[in-house]
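# A look at the structure
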Amino acid sequence: MSKKSAEKLLSTAESVCTQRGVRMTPTRREVFSILSRQPGAIGAYDLLDLLKEAVPNAKPPTIYRALDFLQEQGFVHKISSSNSYVLCTHFEKHHPAQMLICNQCGSVQETHSEQIDDAVRIQATKHGFDVQHQTVEAHGVCNNCQTAKH
Ligand SMILES: [Zn+2]
Ligand SMILES: [Zn+2]
C-alpha cells in the first residue's frame, strides 16, 4: 500500500474510533501504521521488534493488547493458520472474509464472497450451530510468484 493510502486508511480508522467512542492510543496507532507498511501478514514478535523502534519499552503484552483492540474494531484480521496478522482495508463495514495466503512470499489477499459465507451458515444451521465468526484461509501460490518463475 502506498504511503498516501496508508495515511488515508489510518485517518479513516481514527474517525471510526471517535464514532465508536474508543481510543486509538499512540501505541495502537503505531501498530496500525507498521501493519500498513507490510507486504503480507506478520507475526506478533516481528511486529514487536518493529514497534520497539518507536516504543523502546514495548513488551509482548503491549503488542497483544494493541492487536486485540485492532481486531475488535475490525481493523486487523488474524490469520490463524500462520498465526499472523494483516491489516484489513475494508473495515468500514462488516464483511465476510476469505484469505488467499501465498506460501512463497507471504502476501495475503482478501476476498469477500457472500456465497461462501452463506454456504457455511446454511451447513451450520443444519447442525443447529450458530456461526459468530468465520474466516476461510486458503494457502497456495500468488499470481506474482507464479509469473516470477517463468
Ligand atoms: Zn477485511
Ligand atoms: Zn507470492
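About the cut-offs
- Residues numbered from 1 in each chain as written.
- Chains lettered and ligands numbered in written order.
- Predicted model: local features only at pLDDT ≥ 70, side-chain atom pairs only at ≥ 80, totals over all residues.
- Helix = DSSP H or I, 4+ residues; strand = E, 2+ residues; numbered from the N terminus.
- Contact = placed C-beta atoms within 7 Å.
- Core = buried A, V, L, I, M, F, W, Y, C linked by C-beta atoms within 7 Å.
- Buried ≥ 20, exposed ≤ 12 C-beta atoms within 10 Å, placed from the backbone.
- Domains from an automatic or database assignment.
- Nonpolar A, V, L, I, M, F, W, Y, C, P; charged D, E, K, R; others polar.
- Expected span 1.5 Å × (residues − 1).
- Arc of directions from axis to C-beta.
- Pairing = 2+ DSSP bridges.
- Axes fitted to C-alpha atoms, helices over the stretch in contact; angles between N-to-C directions.

## Observations regarding the environment of Leu67
Within the fold, Leu67 resides in helix α4 (residues 60-72). Each C-alpha atom of the pair Leu67 and Tyr85 lies 8.3 Å from the other, and the pair is 18 residues apart in sequence. If we ignore the near neighbours within four places in the chain, the residues touching Leu67 are Val31, Ala44, Val76 and Tyr85.

## Brief notes about the nonpolar core
Formed by 26 residues in total, the largest nonpolar core has its most connected members in Val31, Leu35 and Val76. Composition of this core by domain shows at least three residues from each of domain 1 (3-87) and domain 2 (97-149). Setting aside residues no more than four positions away along its own chain, Val76 makes contact with Leu35, Leu67, Leu70, Gln71, Tyr85, Val86, Leu87 and Cys88.

## So, the domain arrangement of the protein chain
Once the domains are mapped, the protein chain shows domain 1 (3-87) and domain 2 (97-149). Using C-alpha coordinates to define each centre, domain 1 is positioned 22 Å away from domain 2. The partner domain 2 presents 10 residues to the 9 residues of domain 1 that form the contact. Counted by class, the side of domain 1 that touches domain 2 contains 4 nonpolar, 5 polar and no charged residues.

## Notes on α4
Taking 1.5 Å per residue as the helical rise, α4 with its 13 residues ought to reach 18 Å, and the 18 Å between its terminal C-alpha atoms agrees with that figure. Residues Ile63, Ala66, Phe69 and Leu70 constitute the buried set of α4. Summarising the axial view, the buried residues of α4 lie within an arc of 130°, below the 170-degree limit, and thus occupy one face. With respect to the buried face of α4, the exposed residues turned more than 90 degrees away are Pro60, Pro61 and Glu72.

## Brief notes about the sheet that holds strand β3 (residues 97-102)
The strand order β4-β3-β5 describes an open sheet built from 3 strands, whose pairing is mixed. Edge positions in the sheet fall to β4 (108-111) and β5 (135-140), since each has one partner strand and no second. Averaged over all pairs of adjacent strands, the angle between strand axes in this sheet comes to 20°, irrespective of strand direction.

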